[in-house]
Amino acid sequence: MRVAVCDDRTETLTELKMILSEIPTVKKIHMYSDMDNLFGMLEVGEQYDVVLLDIDWKRRETGVDFAERLYETCPYTNIIYMTAYMSEYVEDIFLKRANLSGFLTKPVRKEALERNLEKILKHEKETDGKLLVRYQRSSIVIPQKDILYLESQLHKTLITLKHKEYLCNDQLETLKKFLDSSFLNCHKSYVVNMEHIVEFRGHEIVMDDDRCIPVSRARYEQSRECFFSYMSRLL
């Protein structure tokens, strides 16, 4: 797991780094005493499975505000709140959107942290092979094998199955990170499931429901090679 810890107290960062370094499932640990630094790293491509986030910051924004911003930037990053003053924030915690996975009271105990991380790992295993997307006012899970293709539409993504479509609130670039190796990015606006490709016809891909998906000139050769390589592994 890739874990970031965000707290403005140096002592807390030091303590949690020691605890996390003793948990075998944690492979990456980054510490932040300033939330702006975290968002700066996310903007250049850094990714985390879990962010341990202090609620009480000595500034106008609280950890609840940061969690909402993080949800907009990385909707599938799990948030675990940390605080020594839970009663002061309990009314605010559920007023703003966040991918909230747990609470820890300070000082953080290793056993409690491990339980929270195990719960997150269990959930990820249960959704393996599935795509979690934000649809309307909730989140839904779609089996990846059932997806024909994904199409970028402004700041949303149209996910097409054989008999159903979902216009979800996530951008295509975000969802691409969670797709398995059976998906081909044949065009800047399209990602297709190679399991449902029938043939390449000129600069189009014909799907098994007769829909045709464009292939950009810049990606044509690479797309063909990727598809035939994928098919050869299945034969």
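First, a word on what this report is: a plain description of the structure on this page. (Residues numbered from 1 in each chain as written. Predicted model: local features only at pLDDT ≥ 70, side-chain atom pairs only at ≥ 80, totals over all residues. Heavy atoms only, no water.)

**Details of the pairing of strand E4 (residues 78-83)**
Counting buried residues in E4 gives six out of six residues, a clear majority hidden from the surface. Side chains Asn 78, Ile 80 and Met 82 project from E4 onto one buried face, and the interleaved Ile 79, Tyr 81 and Thr 83 project onto a second face that is buried too. Pairing geometry for strand E3 (residues 50-54) and E4, over five bridges, is parallel. Across the sheet, residue Leu 53 finds its bridge partner in E4, namely Tyr 81. Between E3 and its parallel partner E4, the chain crosses via helix H3 (residues 63-73), and the hand of that crossover is right-handed. (Buried < 20%, exposed > 50% of the residue type's maximum accessible area, 1.4 Å probe, protein only. Helix = DSSP H or I, 4+ residues; strand = E, 2+ residues; numbered from the N terminus. Pairing = 2+ DSSP bridges. Right-handed = clockwise from strand over helix to strand, strands pointing away.)

**A short note on the sheet that holds E3**
Pairing is parallel across the open sheet formed by five strands, whose spatial order is E2-E1-E3-E4-E5. In this open sheet, the two edge strands, each paired with only one partner strand, are strand E2 (28-32) and strand E5 (100-105). On average, each strand axis in the sheet is inclined to that of its neighbour by 20°, with strand direction left out of account. As judged from the five bridges shared by strand E1 (residues 2-6) and E2, these two strands associate in the parallel manner. (Axes fitted to C-alpha atoms, helices over the stretch in contact; angles between N-to-C directions.)

**Comments concerning the environment of Leu 113**
Tracing the backbone shows Leu 113 in helix H5 (residues 110-126). C-alpha separation for the pair Leu 113 and Leu 16, spaced 97 residues apart in sequence, amounts to 9.5 Å. The contacts of Leu 113, once residues within four sequence positions are left out, are Leu 16, Ile 19, Leu 20, Ile 23, Leu 52, Leu 104 and Val 108. (Contact = heavy atoms within 4.5 Å.)

**Describing the sheet that holds strand E15 (residues 212-214)**
In sheet architecture, strand pairing relies on hydrogen bonds along the backbone and comes in two forms, parallel and antiparallel. Spatially, the three strands line up as an open sheet ordered E13-E14-E15, and their pairing is antiparallel. The open sheet is flanked by strand E13 (197-201) and E15, the only strands paired with a single partner. Each neighbouring strand pair of the sheet contributes to a mean axis angle of 25°, computed without reference to strand direction. Looking at chain direction, E13 and strand E14 (residues 204-207) are connected through four bridges and run antiparallel.

**Details of the pattern of salt bridges**
Under the criterion given, the structure shown has 14 salt bridges. The shortest N-O distance in the salt bridge between Lys 106 and Asp 54 comes to 3.0 Å. Taken as a pair, Lys 106 in the loop between E5 and H5 and Asp 54 in strand E3 lie far apart in primary sequence, 52 residues in all. The buried category is assigned to Asp 54, whose relative accessible area is 3%. The salt bridge involving Glu 199 is made with Arg 201; its shortest N-O contact spans 3.1 Å. Since its relative accessible area comes to 33%, Glu 199 is described here as partly exposed. Through salt bridges that share partners, Asp 7, Asp 54 and Lys 106 make up one connected network. (Salt bridge = Lys/Arg side-chain N within 4 Å of Asp/Glu carboxyl O.)

**Section: the nonpolar core**
Core analysis: the largest hydrophobic core is formed by 20 residues, its most contacted members being Cys 6, Met 35, Leu 38, Val 51, Leu 53 and Tyr 81. Sorting the residues of this core by element identifies E1, helix H2 (35-43), E3, H3 and E4 as the ones contributing at least two each. Those residues in contact with Cys 6 that lie beyond four places of it in its chain are Tyr 32, Met 35, Leu 38, Val 51, Leu 52, Leu 53, Asp 54, Trp 57 and Met 82. Membership of the second largest hydrophobic core comes to 19 residues, among which are Val 5, Val 50, Leu 104 and Ala 112. (Core = buried A, V, L, I, M, F, W, Y, C linked by side-chain atoms within 4.5 Å.)

**Quick word on the packing of helix H1 (residues 10-21) against H5**
Contact geometry of H1 with H5 gives a least axis separation of 11 Å together with a crossing angle of 60°. One finds that H1 runs oblique with respect to H5. The interaxial crossing formed by H1 with H5 has right-handed handedness. Where H1 approaches H5, its residues Leu 16, Ile 19 and Leu 20 are matched on the opposing element by Lys 110, Leu 113 and Leu 117. (Parallel < 35°, antiparallel > 145°, perpendicular 65-115°, else oblique. Left-handed = near helix turned anticlockwise from the far one by under 90°.)

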